[in-house]
Amino acid sequence: MPTDLTSQYTYAKGAVNRKRIKNLSNWLLNQCGVKEYTVSILLVDDKKICQLNNQYRQKNQPTNVLSFPFAEGADRSLLSLPVRELGDIVISVDTAFRESIEYRQNFHDRIAWLLIHGLLHLLGYDHEKSTEQAQKMSDKENELLNKLHFHRRTMMTKLAINVDHVATIRQARGINEPDPVAAAAICELAGASGIVVHLREDRRHMQDRDIYLLRQTVKTTLNLEMGANKEIIKIALDLKPDIVTLVPENRQELTTEGGLDVISQKKKIAKVIDKMEKRGIPVSIFSDPDPRQLKAVSEIGATFVELHTGRYCEAASEDALEHEFQLIATAAEEAHQLGLRVFAGHGLDYQNTAPIAALDMIEELSIGHAIISRAVFTGLDQAVKEMAAIINQASLSF
Ligand code: PXP
């Protein structure tokens, strides 16, 4: 094999798509006219790359990528060996991940950029030698990136707004304001691409009247979130929303707590999907970013999956945040590869939404609490526009 990939990176191993990196590396060797050569790629953490950076470049700090041409610094006689080895490329997954957030770049796109950069060094390009050399290397990088359609993005990430929280305020008084139907209209006028409502069995916020009125008034798409219970299924079939999102529902919970466990109730959920599909309603499943659940979601014939971003939003440390983000990024790619269309949501706010909105495979974000909370101070129109601007900017930066 022309590419030998070794990972010494143990943390969140599953998040690095090794097969994709290997394929990309083989493609690059081909593009650079050295397909008969081999290259070794080593994925490490910041600690390891810092140690190598210190040992070989006397720089005691982590870096993103290091290249070691074959036999450089070793006995020159090694060069006469009949091997066709370009050398080693060492990439710090930690730094790649940090940079992907900093540059609002998809994680694998960042790895791809580092791989191209490292490979060009092995082929003799060196941006540190002179301005001309730097230009030459940058031109070659851009040529390869363009071939990869690196910045291709087919559409902007959409914003669907959950207006349950408006109904929660109304229900606290038991009167008729604020009205979620009016809120939905304001959201749409301010740029929302969809309205989401959760009709709970206990009717703690949205009422039947709300969803039937919304069915008549929503001009974008109406997504009905619901548990898979008989009464609500009957209402959904009658209402015919544009999408149904199946979520787990627990009477005691403050809000939906986790993704739907499809694995343990495949038959039951498949039946609900079948009923909805027959009525022309596509189904989305709210799922944890767990590859086993995603496989089950695709097997039962759902059209969409909404990735649960709750744990990412609640991460209490930088490490946990990185870990949860990686899970979502990987899950989005996997779900896409399984043929699912991908949404995401839960707990997203004005601080944490941009990196998720920048993920290529995610078409739509479902956001409620943060927008309605901000609306109390700024007005709903302004709150929606501010969130839409964050999402649009993140989508466009790729
Ligand atoms: N997606 C699903 C499936 C949900 O249950 C909720 C909460 O109602 C959301 C998205 C929106 O979450 P938040 O209100 O935290 O933005």
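Residues numbered from 1 in each chain as written. Predicted model: local features only at pLDDT ≥ 70, side-chain atom pairs only at ≥ 80, totals over all residues. Heavy atoms only, no water.

So, the site of the ligand
Here comes step 1: In the neighbourhood of the ligand, 14 residues make up the surrounding shell, with Glu225, Glu306, Gly347, Gly368 and His369 lying closest.
Here comes step 2: Here an oxygen atom of the ligand and a side-chain polar atom of Glu225 are 2.7 Å apart.
Here comes step 3: Taking His369, its main chain carries an N or O atom lying 2.8 Å from an oxygen atom of the ligand.
Here comes step 4: Residues belonging to the shell around the ligand are distributed by class as follows: 3 nonpolar, 9 polar and 2 charged. (Near = heavy atom within 4 Å. Polar contact = N/O pair within 3.5 Å; in protein donor to acceptor, adjacent residues only side chain to side chain. Nonpolar A, V, L, I, M, F, W, Y, C, P; charged D, E, K, R; others polar.)

Some remarks on the domain arrangement of the chain
One frequent convention defines the size of an interface as the accessible area lost when the parts assemble.
Here comes step 1: We note that the domain assignment places domain 1 (3-151) and domain 2 (158-397) within the chain.
Here comes step 2: Placing the centre of domain 1 and that of domain 2 at their C-alpha centroids yields a distance of 39 Å. (Domains from an automatic or database assignment.)

With respect to the sheet that holds strand 7 (residues 222-226)
Here comes step 1: Spatially, the 8 strands close up into a barrel ordered 5-6-7-8-9-10-11-12, and their pairing is parallel. When the angles between neighbouring strand axes are averaged without regard to direction, this sheet yields 25 degrees. (Pairing = 2+ DSSP bridges. Helix = DSSP H or I, 4+ residues; strand = E, 2+ residues; numbered from the N terminus. Axes fitted to C-alpha atoms, helices over the stretch in contact; angles between N-to-C directions.)

Notes on the sheet that holds strand 2 (residues 38-44)
Strand pairing in a sheet is mediated by backbone hydrogen bonds. Such pairs are either parallel or antiparallel.
Here comes step 1: The 4 strands lie next to each other as 1-2-4-3, forming an open sheet whose pairing is mixed. In this open sheet, the two edge strands, each paired with only one partner strand, are strand 1 (3-7) and strand 3 (65-69). The mean angle between the axes of side-by-side strands here comes to 15 degrees, regardless of whether they run parallel or antiparallel.
Here comes step 2: Judged from the 5 bridges that link them, strand 1 and strand 2 form a sheet pairing that is parallel. The residue of strand 2 that forms the bridge with Ser7 is Leu43.
Here comes step 3: Along the sheet, helix 3 (residues 93-102) contacts strand 2 and strand 4 (85-92); its crossing angle with strand 4, the most-contacted strand, is approximately 60 degrees.
Here comes step 4: Its contacts with the sheet place helix 4 (residues 107-122) against strand 2, strand 3 and strand 4, and it is angled at close to 145 degrees to strand 4. (Contact = heavy atoms within 4.5 Å.)

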